[in-house]
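Residue-level structural notes
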Amino acid sequence: MTVLKLEGISAGYADSDVIHGVDLAVEPGDFTCLLGSNNAGKSTLINCISGPVPARGGRIHFNDADITRMAPYQRAREGLIQVPEGRQLFSEMTVHENILLGAGRAGPDPERLNEAFALFPRVKERRNQLTGSLSGGEQQMVAIARGLMGRPKLLMLDEPSLGLAPLIVEAIFNALTVLNQSGVTILLVEQNLHVSLAHARFAYVLQQGRVVTAGTADALRSDPTARMAYLGL
């Protein structure tokens, strides 16, 4: 059973489409990335999948159910969880409080919380601190931990490396690899071509709202079309 399947998805803002007829599939257990230069439409597409940006054409299927017109909160309850760009944490709440918000109406799951703390020991050490006092990398770890509390059947991350130092980026991607190896299916939106292809198994490359190439991470490392789209040429 395919976890996520997009068929001819178009989406945008006001009178302008940003995404044009995108087809995409994510299989169970995959670590898939969506690559492209700035303004390629990556964030619009992931926000269309999670619901804030409605699809203007095409269909979105999640675990074989058509969710094209489903409200964002309903998609989250089905296990379609997004870690948004910019983290969007509550700076005046503690790390622990921010993480627990991810559980929603299902309530805290101690086992899931312990798994998140095991994945990010630094977050556990700082669980009683105000989130606004953390570094950008630590806040990104908190945002991912919060997403895990929603029991994701598909975890989608939008630009988790944005603005972070290379060593922190590598630590976060290593944690995502561990998470994927534990059975969590991941769809990652990124500009960082090299780090993404070092960790993902499959990738789609967007250019001006269209998929211009797709394939295994190994194949795309040497694909000139992928590099041209990444450079915005």
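Refer to the structure presented above.
For the structure given in this document, a descriptive report is provided here. Each chain has its residues counted from 1, following the order in which its sequence is written. Only residues with pLDDT of at least 70 get local features here, since the model is predicted, and only at 80 or more are side-chain atom pairs given and counted; chain-wide, interface and lining totals rely on the full set of residues. Values shown for side chains rest on all heavy atoms present in the structure; no hydrogens or waters enter the calculation.

**Concerning the packing of helix 6 (residues 136–148) against helix 7 (residues 166–181)**
In this description, a line fitted to the C-alpha atoms serves as the axis of each element, helices being fitted only across the stretch in contact, and the angle between N-to-C directions of two axes falls anywhere from 0 to 180 degrees. Secondary structure elements follow DSSP: runs of H or I of four or more residues count as helices, runs of E of two or more count as strands, with numbering from the N terminus. Where helix 6 meets helix 7, the closest approach of the two axes is 10 Å, and the angle between their N-to-C directions is 15°. Comparing their axes, helix 7 and helix 6 come out roughly parallel. Along this stretch, helix 6 crosses helix 7, giving a crossing that reads as right-handed. Counting all contacts with helix 6, which are made through Gly137, Gln140, Met141, Ile144 and Leu148, the residues of helix 7 involved are Ile168, Ile172, Leu176 and Leu179. Working rule for angles: under 35 degrees goes down as roughly parallel, over 145 as roughly antiparallel, 65 to 115 as roughly perpendicular, anything else as oblique. Handedness of a helix crossing follows the sense of rotation of the near helix relative to the far helix, less than a right angle counterclockwise being left-handed and clockwise being right-handed. Should any heavy atoms of two residues lie within 4.5 Å, those residues are considered in contact.

**Notes on the pairing of strand 8 (residues 186–190)**
Accessibility here uses a 1.4 Å probe with only protein chains present; expressed as a share of the type maximum, an area under 20% marks a residue as buried, one over 50% as exposed, and anything in between as partly exposed. When you tally the buried positions in strand 8, you get five out of five residues, the bulk of the element. Here strand 8 shows a buried face lined by Ile186, Leu188 and Glu190 and a second buried face lined by Leu187 and Val189. Pairing of strand 3 (residues 31–35) with strand 8 involves five bridges; the strand directions are parallel. Counterpart to Phe31 in the pairing with strand 8 is Ile186. Looking down the strands as they point away from the viewer, one classifies a crossover as right-handed if the path from the first strand across the helix to the second runs clockwise. The β-α-β motif built from strand 7 (residues 154–158), the intervening helix 7 and the parallel element strand 8 has right-handed crossover chirality. By definition, two strands form a pair when at least two bridges between them are found by DSSP.

**A few points about the sheet that holds strand 2 (residues 16–26)**
Strand order in the open sheet made by the four strands is 2-1-4-5, with antiparallel pairing throughout. The outermost strands of the open sheet, each flanked by one partner alone, are strand 2 and strand 5 (65–66). Two strands pair when backbone bridges link them, and strand 1 (residues 4–13) and strand 4 (residues 57–62) are joined in this way by five bridges, in the antiparallel orientation. If you follow Ser10 over to strand 4, its bridge partner there is Gly57. Sheet strands touched by helix 1 (residues 42–50): strand 1, strand 2 and strand 4. Its angle to strand 1, the strand with the most contacts, is close to 115°.

None of the figures reported here should be taken as evidence of function without further support.
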